[in-house]
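Structure at a glance
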Amino acid sequence: MWIGVVSLFPEMFDALTQQGVIGRAVEKQRIALEFWNPRDYATDRHRSVDDRPYGGGPGMLMKVDTLRAAIFAARERAQKATGLVPTVIYLSPQGRKLDQQGVQALASAGPLVVVAGRYEGIDERVVESDIDEEWSIGDYVLSGGELPAMVLIDAAARLIPGVLGHQDSAVEDSFNDGLLDCPHYTRPEVIDGRQVPDVLLSGNHAAIKRWRLKQSLGRTWQRRPDLLEGRPLDAEQRKLLNEFIEEHAL
Ligand SMILES: O=C(NCc1ccc(CNCc2ncc[nH]2)cc1)c1csc2nc[nH]c(=O)c12
C-alpha cells in the first residue's frame, strides 16, 4: 500500500514508523510511507506556511500556495510510484466519522495522499479542488490532523495482507467484526482471589470458542447495543446471546 502524507510535522509520524506492526510493514515494504512538508515549498524569507482568514476572526489557515504545492508533489509521486491516481484524504472535524467499514474502504482504495491540517484548517476552495474525501476520527477537538492521520494509517495498514504477522488474529478480528471483544486472561490463575473462568482451563476448544463468542455477544448487548442493530445474528449466536441475557437478567 502506498501512502503519501502532507504535514507540517512529519517527525510526529515516527511514532508510527519506528516500531510495531506498521514499522515492520514499512521495513518489509508492505507499506510505502512518504512525506511532503508544505514548509519546504515556502519561498518567502520567513518560510511562512499559514495565512490570515478573509473576514477576520481568530486563528490562521494553512497557506494555500505551499499546501497545494505539497499536495501536487505527493499526488504526482503516487502516480509515478503506483501508476494509479491516488485518493486524496483531508483529516478534518467536518469529515465523515471514521469506522471499521470506512477503514476497509480506504485500505482497498489504492494509493492514498493523506493531508493533515493545522491551525483552523484549509481554504474551502482547496477542499473543493484538491480533496476527494474528508474524514474525522471523532467528536472531540484535537490540535491538528496528524494524530487522526496516524489513526487512519494504522487502522488501514493492519488490513493489508502480510502486515499483521500472526494472521489468525486478523482472522479473529474478522470473525468478531462488529462485536466487542470477550474478556481475556493470562497468568497467574488467581489475582486477589479472582480466578480464571474454568472453561478457559478446560482444554475443551469447542467450549472455549463458544464461551468467547457468547461473551462477545453479551458484552456488545450490554455496552454497545447499537452495534447489534447493524449486525444480523445467526441461530447459534441468537441462542448464545439469549443464554447470556438470562444469566445476567437483574
Ligand atoms: O484537524 C483536526 N483538528 C484540529 C482542529 C480543531 C478545531 C478546529 C476548529 N475550531 C473552531 C470551530 N470548531 C467548530 C466550530 N468552530 C479546527 C481544526 C482534526 C482532523 S480530523 C479530526 N478528528 C477529530 N478531531 C479533530 O480535531 C480532528
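Each chain carries its own residue numbering, running from 1 in the written order of its sequence. The predicted nature of this model means local features are confined to residues of pLDDT at least 70 and side-chain atom pairs, given and counted, to a pLDDT of 80 or more, with totals for whole chains, interfaces and linings taken over all residues. Side-chain measures were taken over the full set of non-hydrogen atoms in the model, leaving aside hydrogen atoms and water.

Re the site of the ligand
Around the ligand sit 16 residues in total, of which S92, I137, G138, Y140 and L142 are the nearest. The definition of a polar contact used here is a pair of N or O atoms within 3.5 Å, where within protein one atom must be able to donate a hydrogen and the other to accept one, and adjacent residues in sequence count solely through side-chain atom pairs. Within the backbone of Y140, a nitrogen or oxygen atom sits 2.7 Å from a nitrogen atom of the ligand. Contacts to the ligand include L142, whose backbone N or O atom sits 2.8 Å from an oxygen atom. Put simply, the parts of the chain that give the shell around the ligand at least two residues each are β5 (87–97) and β7 (133–136). Elements are defined by DSSP. Helices are runs of H or I of four residues or more, strands are runs of E of two residues or more, and each kind is numbered from the N terminus. Top contributing element to the shell around the ligand by residue count: β5, with three residues. Working definition: residue near molecule or strand if any one of its non-hydrogen atoms lies within 4 Å of it.

Overview of a nonpolar patch on the surface
Among the surface-exposed residues, Y140, L142 and L147 lie close enough to one another that they form a single nonpolar patch of about 300 Å² accessible area. Mapped onto the fold, L142 is located in the loop between β7 and α6 (146–157). By definition, no residue in a patch forms a salt bridge, and every one has over 30% relative accessible area; like charges are joined within 9 Å, nonpolar side chains (Val, Leu, Ile, Met, Phe, Trp, Tyr) within 5 Å. With residues, only the protein chains shown are counted as cover, and all accessible areas are computed by Shrake-Rupley using a 1.4 Å probe. By convention in these notes, a salt bridge is any Lys or Arg side-chain nitrogen within 4 Å of a carboxyl oxygen on Asp or Glu.

Observations regarding the environment of S108
Relative to the helices and strands, S108 resides in the loop between α4 (100–107) and β6 (112–116). We call a residue buried when its accessible area falls under 20% of the maximum for its residue type, exposed when it is over 50%, and partly exposed in between, using a 1.4 Å probe and counting protein chains only. A relative accessible area of 61% places S108 in the exposed class. The spatial distance from the C-alpha of S108 to the C-alpha of A156 is 8.6 Å, given a sequence separation of 48 residues.

As for the sheet that holds β6
The criterion for strand pairing is that DSSP finds at least two bridges linking the strands in question. Strand order in the open sheet formed by five strands is β2-β1-β6-β5-β7, with parallel pairing between adjacent strands. Edge positions in the sheet fall to β2 (32–36) and β7, since each of these pairs with one other strand and no more. Along the sheet, successive strands turn relative to each other by an average axial angle of 35°, direction set aside. Pairing geometry for strand β1 (residues 2–6) and β6, over four bridges, is parallel. Bridge assignment links G4 to a residue of β6, and that residue is V113. Two residues form a contact once any of their heavy atoms are found within 4.5 Å. Only the contacting stretch of a helix is used when fitting its axis, a line to C-alpha atoms as for every element, and angles between N-to-C directions run 0 to 180 degrees. Taken strand by strand, helix α3 (residues 64–82) contacts β1, β2, β5 and β6, and its axis lies near 170° from that of β1. Contacts from α6 reach β1, β2, β5 and β6 within the one sheet, and its direction differs from that of β5 by about 115°.

Section: the packing of aromatic side chains
Centres within 6.5 Å are what make two rings of Phe, Tyr or Trp a pair, Trp counting through its six-membered ring; a difference in plane orientation under 30 degrees is then read as stacked, over 60 as edge-to-face, and the rest as tilted. Inspection of every chain in the model, using the stated rule, returns three aromatic pairs. Relative to W36, the ring of W2 has its centre 6.1 Å away and its plane inclined at 45°; by these criteria the two rings are tilted. Of the two residues, W2 sits in strand β1 while W36 sits in strand β2, which places them 34 residues apart along the sequence. Side by side, W2 and W36 carry an identical accessibility label, which is buried. Taken together, a centroid distance of 5.3 Å and an interplanar angle of 55° make the contact between F13 and F35 tilted. Of this pair, F13 sits in the loop between β1 and α1 (14–17) while F35 is found in strand β2, placing the two residues 22 residues apart along the sequence. We classify F13 as buried; its relative accessible area is 0%.

Re the UniProt feature "binding site: S-adenosyl-L-methionine" (unreviewed entry) in the protein
Per the UniProt record, the feature "binding site: S-adenosyl-L-methionine" (unreviewed entry) sits at G117, I137, G138, D139, Y140, V141 and L142. Structurally, the position occupied by V141 is in the loop between β7 and α6. The residues contacting L142, other than those within four sequence positions of it, are I137 and P148. UniProt positions are given in the numbering used here, feature names are shortened, and annotations may be inferred rather than shown by experiment.

Topic: the pattern of salt bridges
Overall, the coordinates contain 14 salt bridges when judged by the stated rule. The salt bridge involving K214 is made with E247; its shortest N-O contact spans 2.6 Å. Separated by 33 residues along the polypeptide, K214 in helix α8 (residues 205–223) and E247 in helix α10 (residues 235–248) bring together distant segments of the chain. Between R224 and D226 there is a salt bridge, with the nearest N and O atoms lying 2.8 Å from each other. We classify R224 as partly exposed; its relative accessible area is 36%. Through salt bridges with shared partners, a single network forms among R210, K214, E236, K239, E243 and E247.

Quick word on the packing of α8 against α10
It is the contact of α8 with α10, at a shortest axis distance of 9 Å, that shows an interaxial angle of 65°. The angle between α8 and α10 places the two elements in the roughly perpendicular class. For the element pair α8 and α10, the recorded crossing hand is right-handed. Between α8 and α10, the residues in contact are R210, L213, K214, Q215, L217, G218, R219, W221 and Q222 and E236, Q237, K239, L240, L241, E243, F244, I245, E247 and H248, respectively. Partitioning the contact of α8 with α10 into residue classes produces seven nonpolar, five polar and seven charged. For this classification, under 35 degrees means roughly parallel, over 145 means roughly antiparallel, 65 to 115 means roughly perpendicular, and everything else is oblique. Left-handed describes a crossing whose near helix is turned anticlockwise from the far helix through less than a right angle; right-handed describes the clockwise counterpart. Each residue gets one label: Ala, Val, Leu, Ile, Met, Phe, Trp, Tyr, Cys and Pro are nonpolar, Asp, Glu, Lys and Arg are charged, and the others, such as Gly, are polar.

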